[in-house]
Amino acid sequence: MTQKSPTLLPPDIMESQLSMIDLLTAMFPSPGELEIPASTAQCVEKLRDWCQDPTTEPSGIPSNLLLAVCLPVVEGEKTIQVNISIPLQSEDAEIDQAPPLGYSLRQPDWMSKAEVAGLAASMPQEDVFEAFEYVREEALRFLETRQSSSASSEAAVARDVGPIVRVWFYFPSLSTRQKRDDMVNHAPGYSLTGFVLAGKPGVLCLEGASADIDAYMRFIKTHSWGDIPSHQKKVSERFRETQGVQRVFSGMQEITDSLGERSGQRANRGDMQALEAWLRDRGLQEAFEKVIF
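Reading the values: rules and limits
Residues numbered from 1 in each chain as written. Predicted model: local features only at pLDDT ≥ 70, side-chain atom pairs only at ≥ 80, totals over all residues. Heavy atoms only, no water. Helix = DSSP H or I, 4+ residues; strand = E, 2+ residues; numbered from the N terminus. Buried < 20%, exposed > 50% of the residue type's maximum accessible area, 1.4 Å probe, protein only. Contact = heavy atoms within 4.5 Å. Core = buried A, V, L, I, M, F, W, Y, C linked by side-chain atoms within 4.5 Å. 1 Å grid on protein atoms, 1.4 Å probe; cavity = no way out; pocket = protein on both sides within 12 Å on 5 of 7 lines; lining within 4 Å. Points joined across faces, edges and corners; volume = space filled by probe spheres on them. Nonpolar A, V, L, I, M, F, W, Y, C, P; charged D, E, K, R; others polar. Domains from an automatic or database assignment. Phe/Tyr/Trp six-rings, centres within 6.5 Å; stacked < 30°, edge-to-face > 60°.

Asks: I'd like to hear about the overall build of the chain, residue by residue, with values.
Replies: Helix and strand content of the chain: eight helices and 11 strands. Scored against the burial criterion, the 293 residues of the chain give a buried share of 42%. The contacts in the chain between residues at least 6 apart in sequence include a share of 68% that link residues at least 24 apart.

Asks: Give a detailed account of unusual backbone geometry, specifying residues and quantitative values.
Replies: Residue Pro201 is reached from Lys200 by a cis peptide bond, and omega for that bond is 0°. One can find Pro201 in the loop between β8 (193-197) and β9 (202-209). Even without glycine at this site, Ser191 takes up a positive phi of about 60°. Of the residues examined, Ser191 reaches a relative accessible area of 9% and is grouped as buried.

Asks: Explain the nonpolar core to me, and be specific about the residues and the numbers.
Replies: In this structure, Met14, Leu24, Ile80, Ile84 and Phe132 are the most contacted members of the largest nonpolar core, which totals 43 residues. Contributing elements (two or more residues each) for this core: α1 (11-27), α2 (38-52), β3 (64-74), β4 (78-87), β6 (102-106), α3 (113-121) and α4 (128-159). The leading source of residues in this core is α4, at eight residues.

Asks: Give me the lowdown on the layout of surface pockets, citing residues and values where you can.
Replies: Considering only enclosed or pocket space, the largest pocket measures out at about 1,000 Å³ in volume. Of all the elements, α4 adds the most residues to the lining of the largest pocket, at 10 residues. Classifying every residue of the lining of the largest pocket by side-chain character gives nine nonpolar, 12 polar and nine charged. Inspection of the lining of the largest pocket shows a minimum of three residues originating in each of domain 1 (7-91 + 98-152) and domain 2 (164-292).

Asks: Kindly report on the packing of aromatic side chains, identifying the contributing residues and their values.
Replies: Per the counting criterion, the structure on display carries nine aromatic pairs. Ring centres 5.6 Å apart and planes at 90° place the aromatic pair Phe28 and Phe132 in the edge-to-face group. Of this pair, Phe28 sits in the loop between α1 and β2 (34-35) while Phe132 sits in helix α4; the two residues are 104 residues apart in sequence, bridging distant segments of the chain. Measuring from ring centre to ring centre gives 5.9 Å for Trp168 and Phe195, while their planes differ by 70°; the resulting arrangement is edge-to-face. In this pair, Trp168 is assigned in strand β7 (residues 164-171) and Phe195 in strand β8, connecting sequence segments 27 residues apart. In this pair, the class of Trp168 matches that of Phe195, namely buried.

What follows is the structure, encoded as structure tokens:
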């Protein structure tokens, strides 16, 4: 079957697509809020003229108009960019309604690639304005959670009751995003600092009072991992440092997406050389040798 070549949208539907730009311009009038490339602006003018007189089809019209909205999350401090693609063509000659807009998020400097991917995964796809509202609310919630976690971590460091130990756990495989988020988010409540590294293998390092670490692990296994069959809860304590331990980490963090290159069919095999170098820089070379080998 021969695939039809896309053609310009009918003038009335094209006007509907162009009106979206007018609406966005009205909604985001402040400097820096709406970014319209010069090529997009020139194309819009061509199409406006064509909609008024569609006898001669304009040349050099792309399949989509591209622009970006910088959504304010924290006024004057944080923004997140939403890239918007407005379709101008269709393979359906009988199209009777405007094709949906496409949109994606650009990674801001205050979120990791994985955090942006998690935010984008649940972004509404049918209505760009619903997407704006969702992004604003979720990004603000993310910042508030981070601030709360940071405050809890600082309180944990200040609280330090009893001797601090550093415990290393080894996972043959650690992948589920929600489980990893739980490991990070619940640690401050137990006054723990450290890091999580997902993949094959996965590593969890915890610093804090021995009783707090044990209570935290019981909570994670019972609640966060409650829906996982017991035979899949494979984690082993590999190394426990107890003498003269000082905290190396100021909070609890996941380092999966910031540590070297990942390999394997699903990019789930971490770069152990990068981990070794990362730990060596923090004076934890001995731990790497005991935990990984």
